[in-house]
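These are the residues of each chain, in order.
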Amino acid sequence: MTAVIDESVTAEHTWANEAIVKQRAFFDAGGTRSYEFRLAQLQKLKQAMLKYADDLEVALKADIGRPSLEAYVELNTAMDELNHTIKSLKKWMKPKRVATTMFAQPGRSRIEFTPKGVCFIMGPYNYPFLLCIQPMIGAIAAGNTVIMKPSSLNPEVGKIIKKISDEYFSDDVVQTFLGSTEVTNVLLQEKFDHIFFTGSPRVGRVVMAAASKHLTPVTLELGGKSPTIVHADAKLDIAVKRVLAGKMMNAGQTCIAPDFVFVHESIKDAFQKKMVETAREFYGVDAHKSPDFGRLINKKHFERVKGLIDPAKVLIGGESVEEDLYIAPTIMGDVEMTDPVMQEEIFGPVLPIVSYRDLSEIYQQVKALPQHPLALYLFTESAEVEREVLDNIQFGGGCINNTMMHVANANLPFGGVGESGMGSYHGHQSFKIFSHERSILKSTTMFDIKLRYAPYKNKVKIFKALYK
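The following refers to the structure shown. Predicted model, so just to flag it, every value in this text is computed and none were measured.

Overview of the pattern of salt bridges
Next, step 1: According to the stated counting rule, one finds 17 salt bridges in the structure shown.
Next, step 2: Between Arg 66 and Glu 74 there is a salt bridge, and its shortest N-O distance comes to 2.3 Å. Judged on exposure class, the residue Arg 66 and its partner Glu 74 are both buried.
Next, step 3: In this structure, Lys 162 engages Asp 166 in a salt bridge whose closest nitrogen and oxygen atoms are separated by 2.7 Å. Of this pair, Lys 162 and Asp 166 both sit in helix α6 (residues 155–168), 4 residues apart, roughly one helical turn.
Next, step 4: Lys 162 gets classed as partly exposed once you look at its relative accessible area, which sits at 22%.

Description of the layout of surface pockets
Next, step 1: In this structure, the largest pocket spans a volume of roughly 1200 Å³.
Next, step 2: Along the wall of the largest pocket there are 43 residues; nearest its centre are Tyr 125, Gly 199, Ser 200, Arg 202 and Val 203.
Next, step 3: Only α7 (181–188), β6 (194–198), α8 (201–212) and α11 (299–306) provide two or more residues apiece to the lining of the largest pocket.
Next, step 4: The greatest single-element share of the lining of the largest pocket, amounting to 5 residues, is contributed by α8.
Next, step 5: Computed from the structure, the second largest pocket encloses a volume of approximately 670 Å³.
Next, step 6: Along its surface, the second largest pocket is lined by 30 residues, and Val 73, Tyr 127, Met 249, Met 404 and Met 405 are the ones closest to its centre.
Next, step 7: Elements that contribute at least two residues to the lining of the second largest pocket include exactly α4 (68–93), α5 (130–141), α9 (236–248) and α10 (268–283).
Next, step 8: Broken down by element, the lining of the second largest pocket gets its largest block of residues, 5 residues, from α4.

Calculation rules
- Residues numbered from 1 in each chain as written.
- Predicted model: local features only at pLDDT ≥ 70, side-chain atom pairs only at ≥ 80, totals over all residues.
- Heavy atoms only, no water.
- Salt bridge = Lys/Arg side-chain N within 4 Å of Asp/Glu carboxyl O.
- Buried < 20%, exposed > 50% of the residue type's maximum accessible area, 1.4 Å probe, protein only.
- Helix = DSSP H or I, 4+ residues; strand = E, 2+ residues; numbered from the N terminus.
- 1 Å grid on protein atoms, 1.4 Å probe; cavity = no way out; pocket = protein on both sides within 12 Å on 5 of 7 lines; lining within 4 Å.
- Points joined across faces, edges and corners; volume = space filled by probe spheres on them.

Given below as structure tokens:
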């Protein structure tokens, strides 16, 4: 059964330890090792996702105002990852033969992928189902057990994740704990074999500090201000639509959303005009009435995002309705890097536009940001510009002539760099990050090479001759 913890009893802490002890016993007994077991768990998860799809759509609407299409983008992304993993699992589990160097002869070398043990997965509020389930898929595929902690800001989605655990998994394989930060803090005191966290850099530091007490490996999927560059030769209509769609999905609450746009000064006016027109096409004159536009997660974030808007620079939008946690799709023009909206990750439906004359200006300004971008998007028809930008900006991952779509490809690892993240996952990379790559050298006993044995007399010259 999935545990729901009342905060009044968390001080005892025994529930956390008992859950981990139970899973570790099952793991140590070899219960998760076989391909058949792992495949069965993944197939159970697929059954559950199919059963609860409509309920998840309703829950996402209730928790974060998610439009139906965006809800199914989230669900389909998780399902694609699951199907890809089910199809590929047997191949991924096979040991990998590697070459054996001369000094290690006679023998053969291989890498085996062994499970780590009990894994702790913490999900964020912005994609509350997907960003719990995607790492869970990798952890189960790699042969681990899972302790899950969904975000407390999504109570309805959390209840469904609980139902999935209750109905489809035993406690010694998957357990889900619901509750607030106190529950998370109690769990972080325990010793896990891997911790996977998606959220802010601020909380990421807390998670990493807790993990360091047990030397537990961590994967941190964090964030940062992800820039978009629209170069002078970009196809404007396509650039505007793809930037706006990426920014306004989930009301801007996406870690890889275009945070702001660098637009070449020669096309700035045309870009801004087209952006305003397209915003009206997407969401109508009053986006508050649009069924295709989401809401902020809570009042705290509503107030924070609202405070970043400079009315004097608003080209369209800027309106808000507090009781509905609504902030209109907002485009800001003539923004400077020193403006308040440029000092933190926006994580809301506000898109600042900054003009530039030369690409070198962008490199300097991006390097001055407090952390490397999690994503970068470039719109250009020039292969030379593409190569130059990629060579001069450090970032986690991104797209050329699109936004956010790199995360839809399970063949591409996803993750940040520096303070925007640590480690990557998706597809095969998820399997590998939850696995220990164990090196094995098997030597033959049919014959023996005595070169490395003492006494060394008359053998040194052979090694000197090989030193080239």
